[in-house]
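# Report on the structure
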Protein chains: 2
Amino acid sequence: MVYIGIDLGGTNIKAGIVDEQGKILCKVDCPSKVERGHEAVIADMAALARKAVEKAGLTMDDVKCIGIGVPGILDPKTGVVPFCVNLGWHNVPLRELMRSHIDKPVFIDNDATVAGLAESVAGISKGSQSSVFLTLGTGVGGGIVINGKVYSGAHGVGSELGHTIVEFDGELCNCGNHGCWERYASATALIRMGKEAAESHPECMIYRHVNGNLDRISAKTVIDCAKAGDPVASTVFKRYAYYLAVGIVSIINSLDPEIIALGGGVSAAGDFLLNAVRNEVNEMIFYKGMPYARIELATMGNDAGIVGAAMLGR
Amino acid sequence: MVYIGIDLGGTNIKAGIVDEQGKILCKVDCPSKVERGHEAVIADMAALARKAVEKAGLTMDDVKCIGIGVPGILDPKTGVVPFCVNLGWHNVPLRELMRSHIDKPVFIDNDATVAGLAESVAGISKGSQSSVFLTLGTGVGGGIVINGKVYSGAHGVGSELGHTIVEFDGELCNCGNHGCWERYASATALIRMGKEAAESHPECMIYRHVNGNLDRISAKTVIDCAKAGDPVASTVFKRYAYYLAVGIVSIINSLDPEIIALGGGVSAAGDFLLNAVRNEVNEMIFYKGMPYARIELATMGNDAGIVGAAMLGR
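A brief report on the enclosed structure follows.

What counts and what doesn't
Residues numbered from 1 in each chain as written. Chains lettered and ligands numbered in written order. Predicted model: local features only at pLDDT ≥ 70, side-chain atom pairs only at ≥ 80, totals over all residues. Heavy atoms only, no water. Helix = DSSP H or I, 4+ residues; strand = E, 2+ residues; numbered from the N terminus. Buried < 20%, exposed > 50% of the residue type's maximum accessible area, 1.4 Å probe, protein only. Lys, Arg positive; Asp, Glu negative; His and termini not counted. Salt bridge = Lys/Arg side-chain N within 4 Å of Asp/Glu carboxyl O. Contact = heavy atoms within 4.5 Å. Pairing = 2+ DSSP bridges. Axes fitted to C-alpha atoms, helices over the stretch in contact; angles between N-to-C directions. Phe/Tyr/Trp six-rings, centres within 6.5 Å; stacked < 30°, edge-to-face > 60°. Lys NZ or Arg CZ within 6 Å of the ring centre and 35° of its normal. Core = buried A, V, L, I, M, F, W, Y, C linked by side-chain atoms within 4.5 Å.

### A word on the side chain of arginine 183 of chain B
All names here are of chain B. Considering the arrangement of structural elements, one finds arginine 183 in helix H4 (residues 182-185). With no salt bridge to any partner, buried arginine 183 finds its closest opposite charge in glutamate 171, at an N-O distance of 5.1 Å. Discounting residues that sit within four places of it in the chain, arginine 183 has contacts with Glu171, Leu172, Cys173, Asn174, Ala189 and Arg192.

Shown next as C-alpha cells:
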C-alpha cells in the first residue's frame, strides 16, 4: 500500500505517492490559483492525486489514505479549516469535500507540523520518538512529534512555537500580540535587524553588499557578511543566534525532545548557524551536565510537505 | 491493590496509602533531617512507608508499587537523583536504595510533575487527557500530563516551565540564566514587585500594611491590598497577572492542553487571580475564536504530593 501526500501552498499544489518508509515514488504539481475559491482548488487537488497515482503505475486500490498539509489554522479532528489567510479560506470542510472526490480516509494538518513529521519519518529526526521541527522563514513554524506521532494539542491549536512569547511588551506580531518568538527568530527578523544595522552603520559590509539599497537586504546578505567577518554583520548574527537559542532553550526546558531540527530559509546558513546556536543554547541550558536535545539541520527540504502529509495516516 | 506515595521535602517526609482512584486511605509523616545524609533519609522513608501500610490495616502484599516525589533534578528512567539542592544530594541511586529496603517497583519524579499527576487523577484536571499544572510559589514548578501520563521528556529534563524564557536579557534567575518565567510569575516575584512599588510609593496601602517594614511584605499583602482597591497594589497585581498570562499563552500555543491548573501560594488569591489571568490570556491568545485550555485553580492542596507520587506507577 502507498500513501498520497498533498502539499497545499498559496502558489502551488504538490502531490506525491509515498511508500511506508517515507520515500517519494513520484510527484506532480500544478498552480493553486486560489482566487477561484476553495471548491475549484480541492477539485484540482483530487485531480492531481489521481494523476500521481497513474504516473506511479498504480490504481486507487493501492492507496491507503490521503494526507494534506495546509498553510493555516485547521482542526485535524474534524478536518475543517476555520481560516487560512494564504488561501482566503473560511470554514472550509476540507476532508469532507476531498472525500466527495476520492473516497479514501483523509488526514489534514498544519504545514510545519507535517514537515516535522517528514523529518521524523525519513529525515534528520528519523529513529527518534520525540522531535521538534522549526522552520525559520517568513515566520517561525513549529512541528512537534511525540511518541512517533504528530502532536497538535487538545484543540488542534498547539505547536505554534513561533507564537510563544519571548519578550514582554515586545515587537508587534502579525497575530496582534507583542513579543512573539517569530518576530526575533524568523528570516524576516534577521532581515529587519540587518537593515537597522546597515542604516546606522553605512560603513558596514551589509550596506556595501546592496549598494546602499537596504530593501535588497536578504537573510543571506546578513549571513554572508557575518561569515566574511564583517563586525556589524557578526554582531547582528550573534544576536539573532541568541534570539533563536532563547526559544530553543524554552523548548528543551518544557518539551525536552530528543532532537530539534532547523529548516526554512535561514537554515541554509548550515554549520555557521548550528555552531552559533549550539553555543548559545549550551550557555543557557538549565540542567547543566545532563544530556539534552541534539540541534541539527533538517534534511528533507522541499519534499517535506509531500512526505509528511502522506505519513499523517500511516 | 493500593499504592504508596511518598512526598519527600526538605523539611518533612509524608507518606500515604492511596487507592486506584487516587483517594488517600491514611497518611503519616516525619521530619526529613536531611543533614544526616541520604542513606538515613531513605531508611526513614522506608520505615514511614511500612508504618502507613500498618496504619491502613494492610500488609506489603496489598501494595502494588511505591512512588516518590523529589524536590529536584532526577532521572525517572534510571531512578537516580543527580543533584537536589534542598536535600543536599548528589548522584543518589534513590530507586536502588529504596528497593534494598522494600522490594517493590519504585517510581520517582519531580514534585511539581507529581502534583500535576495528582490533579489529573483526582483533582481539577480529572477526566482530561492532557493538562498542565503550575505551582506559583518560591519558584514556578510545572507538571505536564499527556494522554493521562506524566510527561518529562526524552531526557527527563522537560516540564521545567518556570525556566522557559520570557524576557531577553531579563532578571537573573537562580539557575544562572536571565529572563526565566519564574522570576516574574512566582510568589517571590510578586513580593519583589510589591516591595519595589512600596519603596517608591510610601503612601500606598502595601507600605501602610507592613508599617513601612518592607521585608514583611508577602504575596498575600500585595493581593489583599489589590483586592481592597489600592491603586499601587492593583497596578502591581495587574502586571503580575500579565507576566503569568504570557507564560500561559506560550503553554497554550505550544502544548495546547485541555486544562491549566494553578496551585501554590499565589493561587490562594482564588477567583481574583483567575479573573485577572483569564482576561489577560484572552487578549493574547493566538487562535482567536477557537477553543483553548480552561484555566482553573488546583484543588488537591497539600495532598497532591502523596497522591501524585502514588499514581506514578498506576
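### A short note on the sheet that holds strand E6 (residues 80-84) of chain A
All names here are of chain A. Ordered by their spatial adjacency, three strands build an open sheet running E5-E6-E7, and the pairing between neighbours is antiparallel. Of all strands in the sheet, those with a lone pairing partner are strand E5 (73-75) and strand E7 (89-92), marking the two edges. Pairwise comparison of adjacent strand axes, ignoring direction, gives a mean angle of 15° for this sheet. Pairing of E6 with E7 involves three bridges; the strand directions are antiparallel. Across the sheet, residue phenylalanine 83 finds its bridge partner in E7, namely histidine 90.

### Some remarks on the sheet that holds strand E13 (residues 294-297) of chain A
Residue and element names in this part refer to chain A. A sheet is described by the order of its strands in space; here five strands give the open sequence E11-E10-E9-E12-E13, paired in mixed fashion. One side of each edge strand has no neighbouring strand; the edge strands of this open sheet are strand E11 (149-150) and E13. Where strand E12 (residues 259-263) lies against E13, four bridges are found, and the strand directions are parallel. Residue isoleucine 259 lies in a different strand from E13, and its bridge partner there is arginine 294. Against the sheet, helix H9 (residues 271-284) touches strand E9 (131-136), E12 and E13, its axis set at about 165° to E13.

### As for the packing of aromatic side chains
Scanning the entire structure with this criterion turns up 14 aromatic pairs over all chains. Look at phenylalanine 237 of chain A and phenylalanine 272 of chain A: their rings are 4.8 Å apart centre to centre, the planes differ by 25°, and that puts the pair in the stacked class. With phenylalanine 237 of chain A in helix H8 (residues 231-254) and phenylalanine 272 of chain A in helix H9, the pair connects residues that are 35 residues apart, well separated along the chain. Classification of phenylalanine 272 of chain A as partly exposed rests on a relative accessible area of 28%. Between the aromatic rings of tyrosine 242 of chain B and tyrosine 243 of chain B, the centroid separation amounts to 6.0 Å while the plane-to-plane angle is 45°, which identifies the pairing as tilted. Tyrosine 243 of chain B shares its class with tyrosine 242 of chain B; the two are buried. The structure contains a cluster of three or more aromatic residues connected by ring pairs, namely Phe168 of chain A together with Tyr184, Tyr242 and Tyr243 of chain B. When the ring centre of tyrosine 184 of chain A is taken as origin, the NZ or CZ atom of arginine 192 of chain A, which lies over that ring, is 5.9 Å away.

### A look at the nonpolar core
Among the nonpolar cores identified, the biggest contains 114 residues, and Leu134 and Ile248 of chain A together with Leu134 and Ile248 of chain B are the most heavily contacted of them. Core analysis: the next-biggest nonpolar cluster, separate from the first, contains 36 residues, Ala15, Val41, Ala52 and Leu87 of chain B among them.

Spatial relationships are all this shows, so hold off on functional conclusions.
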